[in-house]
Amino acid sequence: MNTQKLLDTARALVANDKGLLAMDESNPTCNKRFGRLEIPQTEEARRAYRELIVTTPRLGECISGAILYDETIRQRTTAGTLFVKVLTDAGIIPGIKVDTGAKSMAMHPGEKITEGLDGLRDRLAEYARMGARFAKWRAVFAIGDGLPSRGCIEANAQALARYAALSQEAGLVPVVEPETLMDGDHTLAKCGAVTEEVLRTVFDRLCGQGVMLEGLILKPNMVLAGSSCPRQEPVDEVADATVQCLLRVVPAAVPGVAFLSGGQSAELASARLNAMNLRFASRLPWAVAFSFARAIQQPALDIWLGRDTNVKAAQGALLHRAKCNRAARRGEYTAAMETPRERG
């Protein structure tokens, strides 16, 4: 294991007020989003959309790393250049999603276990040869009556830890993503309690597997009330609850926390990230960054609609969201940034 390489990559992923762009949607998920907008659900359409993203001018000013999918890391631009090279030339570190998805967990109705450990060592070695420098594995936890169960938390935490150890062995920084889902009517306090329990267990298992904490990135959910909860706390209360939770359980050795957006609107995700950095950044032991997917991509996808004539405008929307989130890392994001004049 190349310890210095892992340390350098992990630090670079959260350096200079930048964050990660998650463009690792599986083909079925990508097709579903295309279907809603009547975009052809084909490999070529997916390639064209991903080319739009990776060739966005100046994206590297705001994005430190991009998480790719297995199909994506093998794809090329229309000019024949591998996406990995396009990203690297733009100063963006290529990463790769390595889990094979969350499947129904045996004997645990309503809960999921993330699969993909079989053959992972060989897959990681292949991705490293292809130019990936970090990896990602997502586990999901639903909140409900008696959920999540200890069995679900422990099984997923163990899988995350085994994945992280294998990634570091292969020279790839593991992005560890334990996501407590927004679906439901649970309160912010309930989300905080579950998130704390999940993260405490995850870090216990990471340490048990000998994972070097200085060489990983945590990708957690923000602490939020369920999407159907009648009370949705204001931005500052979300920031307070999230930071309080993380301070209790995330070791100071971890170089960065890069939040997932998890279905939040683009504007709310930026505002909440901004509040955390504005109120707490100077007192936190780790960088507070972003690893957003839809909260960066969706406005661009809504503009593109599969049409070549819309590429430039879609890239402008993508860069705008990336700029908003870089500003949020500095505690400088404001609603005024969303006005058409400011976007231009």
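These lines cover the structure that appears in this document, whether it is placed above or below. (Residues numbered from 1 in each chain as written. Predicted model: local features only at pLDDT ≥ 70, side-chain atom pairs only at ≥ 80, totals over all residues. Heavy atoms only, no water.)

## Concerning the layout of surface pockets
When its volume is computed, the largest pocket comes out at roughly 1,100 Å³. T29, R33, R138, E179 and R294 are the residues nearest the centre of the largest pocket, which is lined by 41 residues in total. Of all the secondary structure elements, the ones that give two or more residues to the lining of the largest pocket are α2 (27–36), β4 (102–104), β5 (112–114), β6 (134–141), β7 (173–180) and β10 (287–292). Among the elements that make up the lining of the largest pocket, the one with the highest residue count is α2 (five residues). Of the residues assigned to the lining of the largest pocket, the class counts are 13 nonpolar, eleven polar and 17 charged. (1 Å grid on protein atoms, 1.4 Å probe; cavity = no way out; pocket = protein on both sides within 12 Å on 5 of 7 lines; lining within 4 Å. Points joined across faces, edges and corners; volume = space filled by probe spheres on them. Helix = DSSP H or I, 4+ residues; strand = E, 2+ residues; numbered from the N terminus. Nonpolar A, V, L, I, M, F, W, Y, C, P; charged D, E, K, R; others polar.)

## Quick word on the packing of aromatic side chains
Tallied over the full model, the rule gives five aromatic pairs. Three or more aromatic residues joined by ring pairs make a cluster, and in this case those are F34, Y49 and W304. (Phe/Tyr/Trp six-rings, centres within 6.5 Å; stacked < 30°, edge-to-face > 60°.)

## Section: helix α11 (residues 294–304)
Considered for burial, the residues of α11 that qualify are A295, I296, Q297, A300, L301 and W304. Positive phi appears at L305, one or two residues downstream of α11, with a value of about 55 degrees. (Buried < 20%, exposed > 50% of the residue type's maximum accessible area, 1.4 Å probe, protein only.)

## A closer look at the pattern of salt bridges
If you walk through the whole model with that rule in mind, you get 28 salt bridges. Of the charged contacts in the structure, one is a salt bridge between E233 and R231, with a shortest N-O distance of 3.3 Å. A single network of salt bridges, built from pairs that share partners, joins D24, K136, R138, E177, E179 and K219. (Salt bridge = Lys/Arg side-chain N within 4 Å of Asp/Glu carboxyl O.)

## Re the nonpolar core
I63, V98, L206, V250 and F259 are the most contacted members of the largest nonpolar core, which has 99 residues in total. With nine residues, helix α7 (residues 150–169) is the single largest residue contributor to this core. Counting residues in each nonpolar core, the second largest holds 17 residues, with L13, V14, V173 and M212 among its members. (Core = buried A, V, L, I, M, F, W, Y, C linked by side-chain atoms within 4.5 Å.)

Taken by themselves, the reported measurements are silent on function.
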